[in-house]
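Listed below, chain by chain, are the residues.
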Amino acid sequence: MTSPPPLSGIRVLELAGLAPGPFAGLLLADYGATVLRLDRATPETHGPNPPPPTRDQLTRRKSSIAVDMRSPGGLSFIKALVPHVDILIDPFRPGVLEKAGLCPKTVLTALNPRLIVARMTGFRRDGKYAQMAGHDINYIAVSGVLSMLGREGDKPYAPGNILGDFAGGGAVCFMGILLALIERGRTGRGQVVEANMVDGSAYLATFPRLGRKNWSWGGERGRNVLDGGCPYYDTYETRDGGFMAVGSLEPHFFDALLKGLGITKSDLLGPREDPSTWKELRELFTKLFKEKTRAEWETIFDGTDACCTPVLTQGELEEQGYDQRPLVTLRDSPSLAIVSNAKEEKDVGIRAAKGQGEGVEGDGWNEDGLSPGVGGEVVLEEWVGWRRGKQFEVERGGLVFKEGSKL
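The following refers to the structure shown. Just so it is clear, the structure is predicted and the values come from calculations on it, not from any experiment.

1. Concerning the environment of proline 104
Secondary-structure assignment places proline 104 in helix 4 (residues 104-111). Along the backbone, proline 104 and alanine 118 are 14 residues apart, and their C-alpha atoms lie at a distance of 9.5 Å. Dropping the residues within four chain positions of it, proline 104 is found in contact with Leu97, Glu98, Thr109, Val117, Arg119 and Val192.

Set out below in structure tokens:
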């Protein structure tokens, strides 16, 4: 029998931001938490004609309220709400909450000793970069990770903002929140979780960092086994402009690759383990893959152990109806579903992998975003029974707490 997602009943107040903070909130929402985003107040918020959605696209299953933290009424509203919240996500630079009168260590946790305050920064909270602005590329740059990414003889190459913002940032923050929830289950106390993209990204690079001292990653950038230096761990263009990904590291996988390419070891210039042969081997592979289309290579390698697969684009996957799935499968208490047809799946294991309940509009391929102030008042009533005109009012588009009202 399927149980509700593991974070059902958890209340999250997500202070509005972009990328890592909202991603942590999205993960919490997918696993059952109710996430309420706190946006900046404008004259239109909480009115009959809400403003357009913000740039944040990570809004699945979230609602919004708008509050001016700089106003006394807005500050009072937040302080009144904090005792009813399990997790607060802070995406700001160091010192912003403190300046607003919401210091996590002296104010927020005093209002709610069970509160988990998840603080997400780019740089570390100490050191010369602490007060500087930055983006993903800057954080992975000072973590040492960016220097390891890129082709031989070329400049370092940033892999979009996946490594810093989302892997080393939002996902690591989510992990910290889960650890704090486990600890709270033992002690009854919340705590401050401090995640930053420098340390998160550096930790994710533990394997290549340690590999610098041995064979696996001891060469210059782009000359190692897993960073584009090795010809049997690389991508190759096909005749029709597509690409195939090759990861034939083990000898028996490499043998299967050669078989699919229609060659034998006698066609090679030397042992594959010898880096001095890699240039010629890459030239041979490049020539061979250009002789067939990607579809033809798929026909050859599908179902084999050659570790050779097509490089599929996001557009292709969407056109093919690829079902987006949650981060990890929990067999007995799955995440909430992303795609609308998940509950129709007959296989129990696949159904758990797809998630439970109704999917979301767009099936994980499209997100209309969330307008500030939309849906949040319903959540407030569900959480604590608050209603406009009783516990709070709207002033200049922001919610303010009515002093003396009954909680």
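2. Details of the packing of aromatic side chains
Following the criterion strictly, the structure yields 13 aromatic pairs and no others. Ring geometry for tyrosine 232 against tryptophan 278: centres 6.4 Å apart, planes inclined by 85°, an arrangement best described as edge-to-face. Of the two residues, tyrosine 232 sits in the loop between helix 8 (206-211) and strand 7 (233-237) while tryptophan 278 sits in helix 10 (residues 278-289), which places them 46 residues apart along the sequence. Seen from their ring centres, tryptophan 297 and phenylalanine 301 are 5.8 Å apart, and the 25° between their planes marks the pair as stacked. Of this pair, tryptophan 297 and phenylalanine 301 are both found in helix 11 (residues 294-301), four residues apart, which corresponds to roughly one turn of the helix. Put simply, the rings of Tyr232, Tyr236, Phe254, Trp278, Phe285, Phe289, Trp297 and Phe301 pair up and form one aromatic cluster. Taking NZ or CZ as reference, arginine 272 lies 4.8 Å from the ring centre of phenylalanine 254, over its face. Over the face of the ring belonging to tryptophan 297 we find lysine 292, whose NZ or CZ atom lies 5.0 Å from the ring centre.

3. Remarks on the pattern of salt bridges
The tally for this structure, following the rule as stated, stands at 26 salt bridges. A salt bridge links arginine 61 to aspartate 30; the nearest nitrogen and oxygen atoms lie 3.2 Å apart. In this pair, arginine 61 sits in the loop between strand 2 (34-39) and strand 3 (63-66) while aspartate 30 sits in helix 1 (residues 20-30), placing the two residues 31 residues apart along the sequence. Given the relative accessible area of 29%, arginine 61 is considered partly exposed. Residue classification places aspartate 30 among the buried residues on the basis of a relative accessible area of 5%. The salt bridge partner of glutamate 377 is arginine 388, with a shortest N-O separation of 2.5 Å. Placement of the pair is glutamate 377 in helix 14 (residues 376-384) and arginine 388 in the loop between helix 14 and strand 10 (392-395), with a sequence separation of 11 residues.

4. Examining the side chain of arginine 294
Checked against the element boundaries, arginine 294 lands in helix 11. Leaving out residues up to four positions away in the same chain, arginine 294 has contacts with Thr238, Asp240, Gly242, Phe243, Met244, Pro310, Val311, Leu312 and Glu316.

5. Things to note about helix 10
Under the 1.5 Å per step criterion, the end-to-end length of helix 10 is 16 Å for 12 residues, consistent within 8% with the ideal 16 Å. For helix 10, the full list of buried residues reads Trp278, Leu281, Phe285, Leu288 and Phe289. Taken down its axis, helix 10 places every buried residue within 90° of arc, on the same side. Away from the buried face of helix 10 by more than 90 degrees, exposed residues Lys279 and Lys287 are located. Here the buried face of helix 10 lies against strand 7, strand 8 (243-247), helix 9 (251-261), helix 11 and strand 9 (308-310).

Cut-offs and rules
- Residues numbered from 1 in each chain as written.
- Predicted model: local features only at pLDDT ≥ 70, side-chain atom pairs only at ≥ 80, totals over all residues.
- Heavy atoms only, no water.
- Helix = DSSP H or I, 4+ residues; strand = E, 2+ residues; numbered from the N terminus.
- Contact = heavy atoms within 4.5 Å.
- Phe/Tyr/Trp six-rings, centres within 6.5 Å; stacked < 30°, edge-to-face > 60°.
- Lys NZ or Arg CZ within 6 Å of the ring centre and 35° of its normal.
- Salt bridge = Lys/Arg side-chain N within 4 Å of Asp/Glu carboxyl O.
- Buried < 20%, exposed > 50% of the residue type's maximum accessible area, 1.4 Å probe, protein only.
- Expected span 1.5 Å × (residues − 1).
- Arc of directions from axis to C-beta.

Remember that the coordinates give geometry; whether it matters functionally is a separate question.
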